[in-house]
Amino acid sequence: MIRRLLYLFIWVLLTAACTDGVKNATTADRLPPIFPDYAGVTVPVGIAPLNFALAEDCDRIDVVVSGQKGGQLHVNGRYADFDVDEWHALLEQNRGADLTVTVCAKHDGRWTQYRDFTITVSPYALDEWGLTYRRIAPGYEVYSAMGLYQRDLSNFDETAILENTQVPGMCINCHTSNRTDPSQFVFHVRGEHGATMIQRDGHREWLRASSDQLGGSMVYPYWHPSGRYCAFSTNQTRQGFHVAPGERIEVFDHSSDVFVYRPDTHEMISDSLLMTKDWSENTPTFSPDGRWLYYMTCLQQEYPAHFKEERYNLCRIAFDPDKGTFGSEVDTLFNAAAMGKSLTWPRPSYDGRYILFTLMDYGYFSIWHNEADQWLLDLKTGEARAVDEINSPRADSYHNWNVNSHWVVFTSRRDDGLYSRLYLACIDSRGRFSKPFLLPQHDPQRYYDRTLYSFNTPDFTARPVSFDARTAGYEIRSSERVGTKMR
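Residues numbered from 1 in each chain as written. Predicted model: local features only at pLDDT ≥ 70, side-chain atom pairs only at ≥ 80, totals over all residues. Heavy atoms only, no water.

### Structural notes on the overall build of the protein chain
Right, on to step 1. A count of helices and strands for the protein chain gives 4 helices and 34 strands.
Right, on to step 2. Looking at the protein chain residue by residue over its 487 residues, the buried ones come to 54%.
Right, on to step 3. Here the contacts in the protein chain between residues at least 6 apart in sequence split such that 58% fall between residues at least 24 apart.
Right, on to step 4. When the accessible surface of the protein chain is split by element, carbon and sulfur atoms take 48% of a total near 20700 Å². (Helix = DSSP H or I, 4+ residues; strand = E, 2+ residues; numbered from the N terminus. Buried < 20%, exposed > 50% of the residue type's maximum accessible area, 1.4 Å probe, protein only. Contact = heavy atoms within 4.5 Å. Areas by Shrake-Rupley, 256 points an atom, 1.4 Å probe, with all protein chains shown as cover.)

### Points about unusual backbone geometry
Right, on to step 1. For the bond from F35 to P36, the omega torsion is -5°, close enough to zero to count as cis.
Right, on to step 2. Position of P36 among the secondary structure elements: in the loop between β2 (34-35) and β3 (42-43).
Right, on to step 3. Despite not being glycine, C174 has its phi angle at roughly 50°, a positive value.
Right, on to step 4. In this fold, C174 is placed in strand β13 (residues 171-178).
Right, on to step 5. Taking relative accessible area as the criterion, C174 reaches 10% and is therefore assigned buried.
Right, on to step 6. One non-glycine residue with positive phi stands out, namely R179, at about 50°.
Right, on to step 7. Counting through the fold element by element, R179 comes out in the loop between β13 and β14 (181-190).

### Here's the deal with the nonpolar core
Right, on to step 1. Judged by nonpolar contacts, the single largest core of 73 residues is most densely connected at F52, V63, F82, V260, L293, F433 and F437.
Right, on to step 2. Looking at which element gives the most residues to this core, the answer is strand β31 (residues 421-426), with 5 residues.
Right, on to step 3. Setting aside anything within four residues of it in sequence, one finds F437 in contact with Y38, V41, T42, V43, P44, I47, L50, W407, L422, Y423 and L424. (Core = buried A, V, L, I, M, F, W, Y, C linked by side-chain atoms within 4.5 Å.)

### Brief notes about the pairing of strand β24 (residues 325-334)
Right, on to step 1. Sheet topology places strand β23 (residues 313-320) next to β24; 6 bridges connect them, and they run antiparallel. Considered in β24, the bridge of L314 is made with F334.
Right, on to step 2. If you look at the hairpin formed by β23 and β24, you'll find 4 residues sitting between the two strands, and G324 has a positive phi there, around 70°. (Pairing = 2+ DSSP bridges.)

### Things to note about the environment of I427
Right, on to step 1. Relative to the assigned elements, I427 resides in the loop between β31 and β32 (437-438).
Right, on to step 2. What makes I427 buried here is its relative accessible area of 0%.
Right, on to step 3. Separated by 385 residues in the primary sequence, I427 and T42 place their C-alpha atoms 9.8 Å from one another.
Right, on to step 4. If near-sequence neighbours (up to four positions away) are discounted, I427 is found in contact with Y124, Y354, L376, W401, S405, H406, W407, R432 and F433.

### Quick word on the pattern of salt bridges
Right, on to step 1. Per the stated rule, a full pass over the model turns up 21 salt bridges.
Right, on to step 2. Between K435 and D37 there is a salt bridge, and its shortest N-O distance comes to 2.9 Å. With a gap of 398 residues between them, K435 in the loop between β31 and β32 and D37 in the loop between β2 and β3 connect regions that are remote in the sequence.
Right, on to step 3. Note that K341 and D361 form a salt bridge whose closest N and O atoms lie 2.6 Å from each other. Taken together, the positions of K341 in the loop between β24 and β25 (342-348) and D361 in the loop between β26 (354-360) and β27 (373-378) put the pair 20 residues apart, joining distant regions of the chain.
Right, on to step 4. Through salt bridges with shared partners, one network takes in R78, D443 and R446. (Salt bridge = Lys/Arg side-chain N within 4 Å of Asp/Glu carboxyl O.)

### As for the sheet that holds β27
The pairing of strands in a sheet comes from backbone hydrogen bonds and takes either a parallel or an antiparallel form.
Right, on to step 1. Read across the open sheet, the 4 strands follow the order β25-β26-β27-β28; overall the sheet is antiparallel. The open sheet has two edge strands with one neighbour each: β25 and β28 (384-386). Looking at each pair of strands side by side, their axes are set apart by 25° on average, direction ignored.
Right, on to step 2. As paired strands, β27 and β28 are joined by 3 bridges and run antiparallel to one another. Within the sheet, the bridge partner assigned to L376 lies in β28 and is R385. (Axes fitted to C-alpha atoms, helices over the stretch in contact; angles between N-to-C directions.)

### What to know about the packing of aromatic side chains
Right, on to step 1. Under the definition given, this model contains 22 aromatic pairs.
Right, on to step 2. Measuring from ring centre to ring centre gives 5.4 Å for F319 and F326, while their planes differ by 55°; the resulting arrangement is tilted.
Right, on to step 3. Overall, the relative accessible area of 13% leaves F326 in the buried class.
Right, on to step 4. Three or more aromatic residues joined by ring pairs make a cluster, and in this case those are F52, F82, W87 and F117.
Right, on to step 5. Above the plane of the ring of W292 lies R316, whose end atom (NZ or CZ) is 3.7 Å from the centre. (Phe/Tyr/Trp six-rings, centres within 6.5 Å; stacked < 30°, edge-to-face > 60°. Lys NZ or Arg CZ within 6 Å of the ring centre and 35° of its normal.)

### Describing helix α2 (residues 84-93)
Right, on to step 1. Among the residues of α2, those classed as buried are W87, H88, L90 and L91. Buried residues of α2, viewed axially, fall in a sector of 160°; they line one side.
Right, on to step 2. Where α2 is buried, its residues meet β3, β5 (60-67), β6 (72-77), β7 (98-107) and β9 (117-121).
Right, on to step 3. N-cap assignment for α2: the residue whose side-chain oxygen lies 3.1 Å from the backbone N of D85 is D83. (Arc of directions from axis to C-beta. Polar contact = N/O pair within 3.5 Å; in protein donor to acceptor, adjacent residues only side chain to side chain.)

Here it is, written out as structure tokens:
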């Protein structure tokens, strides 16, 4: 009994020390002005701690997180900095329940207690190790320093997959793995040493970036679920700059077509329905069963004079993976042009239920269009809707699904209109999304204030990407490239 009382006394002393003497706090009937805004978000078990700071001057903050099913965390300092292991244990204990967050802030020696808010711990697992993404200067006029990176979502560890400092002047883009499995990985390199890299089970090939048969580079890849094929666009891309306020950069294609590449035979499988003279086919994706090829298409315009008339629709064509052949008809799944809009970046959920896409006024390079919003097409009912739960007044764009189709990652410029950042959101069994949350960082206010790069083309990855960047740098600078043939 005496030992228990002694332990209790020590615990009370430690708790008092941690709270920095929060006494006689004035109650404020408003939510705490925190950055990032994590009030009311839904998170998966295993996510990195949602550290946050008060978005106004204060001496320190005191935060208590209490679990609906038990458990509690308490931190006090310049910002809310939770222990990773303790945070994970609290989330695991409260899977499918709520966490209540109490925030007090000290201003000029006086404490203020704000209204509590909740964080919901989703019953849906993330089932992914982390994310891959590109970081690049936000203007896109130059890319002096950029690269592909991967991030462990359980903590704050980020590592480079490949950086362009290894090959000066190189631009790296359009990376993807097969259903989040990085054993099949592809990306494109632009510049003097242009190539398309395909890595399968540790074996890497550098394909010739373009040819007379293609008429452009191999970009916007998407793997067939079997791993036997990879769909690409071949684009002649141009970049223009607006002089009107509120608009910055426009990207358009003088031409673009869609084809399917077979890595084991180095064949490019084409079809006259996917390589047309008057239409631009773009950004292909396979259905989860591998029987359909989705893509977007628009009537080719005279560029740059009529770029605002460029409006893409969502189409599909049958694909036979046993024969490597296409069907004879094209179906239009969503007619955006009829709405006076343009569709881009169609991404089917891996359970086959939905296609998430971006809708905007014109064009397809949505990351600089403030009106760009996320839309969801239900393939079972044929109905489509704006995903108001995750949209913002600024550009919401490039997105991908996790493998169990209950989580999405996407880019958004909602914070300042200049830098695209990564947000995650949960989708439930009814097709409703939770409030998105900003990718956690150890000291988020300092990190996001100081970073000079935008995030884009994010994707989930089941485990770390194994890639020998040092050797790859030598291979990129060499002239050795694998040739392809058109079928």
